[in-house]
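Chain and residue survey
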Amino acid sequence: MRRNRLGSSAVEVTELSFGAAGIGNLFHEVDAAQAAAAVDAAWEEGVRYYDTAPHYGLGLSERRLGEALRHRPRDAYVVSTKVGRVLDPLPPGEPAPDHGLSEGFAVRATHRRRWDFSADGVLRSIEESLERLGLDRIDIAYLHDPDDHAEEAFRTAYPALEKLRAEGVVGAIGAGMNQTAMLTRFLRDTDVDTVLCAGRYTLLDQSALAELLPEAAARGRAVVIGGVFNSGLLADPQPGATYDYAAAPMTLLDRALRMKAVTEAHGVPLRAAALRYPLAHPAVASVLVGTRSPDEMHDAADLLSREIPDAVWDDLRTEGLLTDDPLDEDGR
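Described below are features of the structure shown in this document. (Residues numbered from 1 in each chain as written. Predicted model: local features only at pLDDT ≥ 70, side-chain atom pairs only at ≥ 80, totals over all residues. Heavy atoms only, no water.)

1. Some points on the packing of helix α4 (residues 150–167) against helix α5 (residues 181–189)
Taken N-terminus to C-terminus, the directions of α4 and α5 make an angle of 25°; their axes are 12 Å apart at the nearest point. Accordingly, the angle class assigned to the pair α4 and α5 is roughly parallel. Between α4 and α5 lies a crossing whose hand is right-handed. Across the interface between the two elements, A150, A153 and F154 of α4 pack against M182, R185 and F186 of α5. Partitioning the contact of α4 with α5 into residue classes produces 5 nonpolar, no polar and 1 charged. (Axes fitted to C-alpha atoms, helices over the stretch in contact; angles between N-to-C directions. Helix = DSSP H or I, 4+ residues; strand = E, 2+ residues; numbered from the N terminus. Parallel < 35°, antiparallel > 145°, perpendicular 65-115°, else oblique. Left-handed = near helix turned anticlockwise from the far one by under 90°. Contact = heavy atoms within 4.5 Å. Nonpolar A, V, L, I, M, F, W, Y, C, P; charged D, E, K, R; others polar.)

2. Here we look at the pattern of salt bridges
Considering all chains together, one arrives at 27 salt bridges under this definition. A salt bridge links R200 to D205; the nearest nitrogen and oxygen atoms lie 2.8 Å apart. Judged by relative accessible area, which is 0%, D205 ranks as buried. As a salt-bridge pair, D302 and R306 come within 3.1 Å of each other at their nearest N and O atoms. (Salt bridge = Lys/Arg side-chain N within 4 Å of Asp/Glu carboxyl O. Buried < 20%, exposed > 50% of the residue type's maximum accessible area, 1.4 Å probe, protein only.)

3. Quick look at the packing of aromatic side chains
On inspection of all chains with the given rule, the structure shows 7 aromatic pairs. Taken together, a centroid distance of 6.3 Å and an interplanar angle of 75° make the contact between W43 and Y77 edge-to-face. Taken together, the residues W43 in helix α1 (residues 32–44) and Y77 in the loop between α2 (60–69) and β5 (78–83) connect sequence positions 34 residues apart. A residue is classified by how much of its surface remains accessible, and W43, at 14% relative accessible area, is buried. A connected cluster of aromatic rings, assembled from ring pairs, spans Y201, Y277 and W313. R48 extends its terminal NZ or CZ atom over the ring of W43, reaching a point 3.6 Å from the ring centre. When the ring centre of F154 is taken as reference, the NZ or CZ atom of R185 above it lies at 3.7 Å. (Phe/Tyr/Trp six-rings, centres within 6.5 Å; stacked < 30°, edge-to-face > 60°. Lys NZ or Arg CZ within 6 Å of the ring centre and 35° of its normal.)

4. Here we look at the sheet that holds strand β3 (residues 16–19)
Two modes of strand pairing occur in sheets, parallel and antiparallel, and in both the strands are linked by backbone hydrogen bonds. The strand order around the closed barrel formed by 8 strands is β3-β4-β5-β10-β11-β12-β13-β16, and the pairing between neighbours is parallel. Neighbour-to-neighbour, the strand axes of the sheet open up by a mean angle of 30°, direction not taken into account. For strand β13 (residues 222–226) and strand β16 (residues 284–290), the ladder comprises 3 bridges, and the chain directions are parallel. Its bridge partner being in β16, I225 is matched across the sheet by V287. (Pairing = 2+ DSSP bridges.)

5. With respect to the nonpolar core
By size, the foremost hydrophobic cluster in this structure holds 92 residues, and its most contacted members are F18, Y50, L143, L203 and L233. Here the element with the most residues in this core is α4; it accounts for 8 residues. Contacts of L233, omitting those with residues within four sequence positions, involve L204, A241, T242, Y243, A248, L252, L253 and A256. Ranked by size, the runner-up nonpolar core spans 13 residues in total, among them V11, Y142, V224 and L288. (Core = buried A, V, L, I, M, F, W, Y, C linked by side-chain atoms within 4.5 Å.)

6. Some details on the environment of D236
Structurally, D236 is set in the loop between β13 and β14 (242–243). Sequence spacing of D236 and A256 is 20 residues, and the spatial spacing of their C-alpha atoms is 8.8 Å. Among the polar contacts made by the side chain of D236, one reaches the side chain of Q238 at a distance of 2.5 Å. (Polar contact = N/O pair within 3.5 Å; in protein donor to acceptor, adjacent residues only side chain to side chain.)

7. With respect to the side chain of T202
Mapped onto the secondary structure, T202 falls in the loop between β12 (194–198) and α6 (212–219). Side-chain polar atoms of T202 contact the side chain of N230, separated by 2.7 Å. For T202, the residues in contact, after removing those within four places along its chain, are G227, V228, N230, L234 and Y277.

8. Quick notes on the side chain of R74
In this structure, R74 sits in the loop between α2 and β5. Given a relative accessible area of 17%, R74 falls into the buried group. Not counting the four nearest positions on each side in its chain, R74 is found in contact with L135, R137 and D139.

Here's what the structure looks like:
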């Protein structure tokens, strides 16, 4: 599988990457055997970049990912995790709730998540992630969703990551968000190697084209794209489908259905076009796909391997469904 370098760092990622939120029990439980099998399937398909975070299942994703990769050659794969949320144990004597959705994850709430973009918080987060993953270094460390913590993220968290990179504790640094404005600021005002942008460069939302992607290309930085299905609508457009984790507006559902008709007229599943589309931009290094089972991983790899005729993109543009012009961040 093709690999791409992240900026001027020595870190290279495969063009398809494994999003490990699912094996951290995102929305519903996944048993340990299925989680391990999903990682094994990714390895079989040639995927060598795996993304996780302490937030994902209160550390469960990191523990499962580390265990699944433990017998693999360390220099053969890349792991990214995130800082910005630390996990504090519940105070002694405070009963832990039964299994339920803990900020979207079906895990027992033995810890509380706490926002912390201080330098000490970054160091603590990295140390605890290394322990859960069972690793001696982190390949990529992202600032995780610093939307409401911009001042602290730029003033204290970013310099802490920069120091860890200089010390070799992490190989590359960046920020991961669902918006483009602050990610563009990171590209302009800091020396990040990469940014992870979720949901803002898809068949339905090209808002990253306004500033983020041109800025990355001009500065030789890499962009990892997540959320290529916009949380479901581009995977299976039908009434009740979700767009950015909410019910899809009818205008977007209609647009997705029209896109599906165009791609399928060429024998191409809409999901395959959605997965391939971001990789055509020179600044995009990898597409991150959330995966919770071997079948989902094999399906993603199969979709990415399919040849997509130029006529698909031509027809989408002719129909006014794909303009390659930046839209706003609501996909309009």
